[in-house]
Amino acid sequence: MQVVDKQSFVSRFIELDNHGYVWKDKVYQQILDEFSIKSLDWTLLLDDYIRNFHNHCIGFPNLVSMLQQLKEHHIKLALVSNGFGQFQYDNFKALHVEPLFDEVLISECRASG
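Within every chain, residues take consecutive numbers counted from 1 along the sequence as written. Local features in a predicted model are, by the rule used here, given only for residues with pLDDT of at least 70; side-chain atom pairs are given and counted only at 80 or more, and totals for whole chains, interfaces and linings are based on all residues. Where side-chain values are given, they derive from all heavy atoms of the structure, hydrogens and water being excluded.

Novice: Any chance you could explain the environment of glutamate 103 here in plain terms?
Specialist: The secondary structure listing takes helices from DSSP runs of H or I that are at least 4 residues long and strands from runs of E that are at least 2 residues long, numbered from the N terminus. The topology assignment puts glutamate 103 in strand E2 (residues 103–106). Taking the C-alpha atoms as reference, glutamate 103 lies 28 Å from asparagine 18; in sequence the two are 85 residues apart. Residue contacts follow a heavy-atom distance rule, with two residues in contact if any of their heavy atoms lie within 4.5 Å. Setting aside its immediate chain neighbours within four residues, glutamate 103 contacts Leu77, Ala78 and Leu79.

So this is what it looks like as structure tokens:
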């Protein structure tokens, strides 16, 4: 069984992710190569990421209260995102702010890097 230091793996993942600008297919392929992890398939890791990321979404501090204040002032709000449609929408819904937005536009563009 291969052992990889969790902190080293996480730190490298965050670095390769480049603040979300690199889609995880590239991140997982590179990190498995760098750590010489042969027992995992990057497609399984990517699938797990896509299916479960929304369970770990955390909004910025005061996100909901700020959006509520804007709505109280009758300001129309729209979410504009450039990611995979369903993935981004699931994350948006997980933050429980969906009712505060008048429109949602997700471009279905894939980050590269």
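Novice: Sorry if this is basic, but what is going on with the pattern of salt bridges here?
Specialist: Where charged atoms from two side chains of opposite charge approach closely, those side chains can pair. Salt bridge criterion: a side-chain nitrogen from Lys or Arg within 4 Å of a carboxyl oxygen from Asp or Glu. For the structure on display, the rule yields 5 salt bridges. The salt bridge involving glutamate 15 is made with arginine 12; its shortest N-O contact spans 3.2 Å. Of this pair, glutamate 15 and arginine 12 both sit in helix H1 (residues 6–17), 3 residues apart, roughly one helical turn. By relative accessible area, glutamate 15 is classed as exposed at 55%. Buried residues are those whose accessible area, probed at 1.4 Å on protein chains only, stays under 20% of the maximum for their type, while exposed residues exceed 50% and partly exposed ones sit between those limits.

Novice: How should I be thinking about the nonpolar core in this particular structure?
Specialist: One broad rule of soluble globular proteins: the nonpolar side chains tend to lie buried together. In this structure, Phe13, Trp23, Val27, Tyr28, Ile31, Leu32 and Tyr49 are the most contacted members of the largest nonpolar core, which totals 13 residues. Residue assignment for this core shows that the elements contributing at least two residues are H1, helix H2 (24–34) and helix H3 (42–52). Here this core gets 4 residues from one element, more than from any other, and that element is H2. The residues touching tyrosine 49, leaving out its near neighbours within four places in the chain, are Trp23, Lys24, Tyr28 and Phe87. We define a nonpolar core as any set of buried Ala, Val, Leu, Ile, Met, Phe, Trp, Tyr and Cys residues linked to one another through side-chain atoms lying within 4.5 Å.

Novice: What am I meant to see in the pairing of strand E1 (residues 78–81) here?
Specialist: In regular strands, side chains alternate between the two faces of the sheet. Bridge count between E1 and E2: 4 bridges; the pairing is parallel. Paired with leucine 79 across the bridge in E2 is valine 104. Orient the strands so they point away from the viewer; a crossover is then right-handed if the path from the first strand over the helix to the second runs clockwise. In the classification by handedness, the crossover that spans E1, the intervening helix H5 (residues 85–94) and the parallel E2 is right-handed. Strand pairing requires that DSSP identify at least two bridges connecting the strands.

Novice: What is the right way to read the packing of H1 against H2 from this model?
Specialist: Each pair of packed helices gets described by two things: the angle between the helix axes and the distance between those axes. All axes are obtained by fitting lines to C-alpha atoms, using only the stretch in contact for helices, and the reported angles, taken between N-to-C directions, cover 0 to 180 degrees. For the pair H1 and H2, interaxial distance at closest approach is 10 Å and the crossing angle is 140°. Considered as vectors, H1 and H2 are oriented oblique to each other. The way H1 lies across H2 gives a crossing that is right-handed. Contacts between H1 and H2 involve Phe9, Arg12, Phe13, Leu16 and Asp17 from the first element and Lys24, Val27, Tyr28, Gln30, Ile31 and Glu34 from the second. Working rule for angles: under 35 degrees goes down as roughly parallel, over 145 as roughly antiparallel, 65 to 115 as roughly perpendicular, anything else as oblique. In this scheme the handedness of a crossing depends on how the near helix is turned from the far one: anticlockwise by less than a right angle means left-handed, clockwise means right-handed.

Novice: Any chance you could explain the layout of surface pockets here in plain terms?
Specialist: It is the rolling of a water-molecule-sized probe over the atoms that shows where space remains empty. Both site types are read off a 1 Å grid over the protein atoms alone. A 1.4 Å probe that fits but cannot get out defines a cavity, while an open set with protein on both sides within 12 Å along at least five of seven lines defines a pocket; lining residues have an atom within 4 Å of a point. Grid points are joined across faces, edges and corners, and a volume is the space filled by probe spheres set on the points. Approximately 1,200 Å³ is the volume attributed to the largest pocket. Taken together, 35 residues make up the lining of the largest pocket; nearest its centre are Phe53, Cys57, Phe87, Gln88 and Asn91. Amino acids outside the nonpolar list (Ala, Val, Leu, Ile, Met, Phe, Trp, Tyr, Cys, Pro) and the charged list (Asp, Glu, Lys, Arg) are all regarded as polar, and Gly is one of them. Tallied by class, residues from the lining of the largest pocket come to 21 nonpolar, 10 polar and 4 charged. In terms of lining residues, the second largest pocket is bounded by Phe9, Val10, Phe13, Tyr28, Leu45, Asp48 and Tyr49.

Novice: So what exactly am I meant to see when it comes to H3 here?
Specialist: Structural remark: α-helix, 3.6 residues per turn; residues separated by three or four positions point the same way. Those residues of H3 not exposed but buried are Leu45, Leu46 and Tyr49. Mapping the buried residues of H3 onto a view down its axis gives an arc of 100°, with all of them on the same face. Tucked into the core, H3 has its buried residues touching H2 and H5. Picture the helix axis, draw a direction to every C-beta atom, and the arc is the one those directions span.

Novice: Even after reading the chapter, I still don't get the side chain of lysine 24, so can you show me in this structure?
Specialist: The residue lysine 24 is located in helix H2 in this model. Overall, the relative accessible area of 3% leaves lysine 24 in the buried class. Looking at lysine 24, its side chain comes within polar contact range of the side chain of aspartate 17, at 2.6 Å. Residue contacts for lysine 24: discarding those within four places in its chain leaves Phe13, Asp17, Leu46 and Tyr49. Any pair of nitrogen or oxygen atoms within 3.5 Å is treated as a polar contact; in protein, a donor-acceptor pairing is required on top of that, and neighbouring residues in sequence qualify only through side-chain atoms on both sides.

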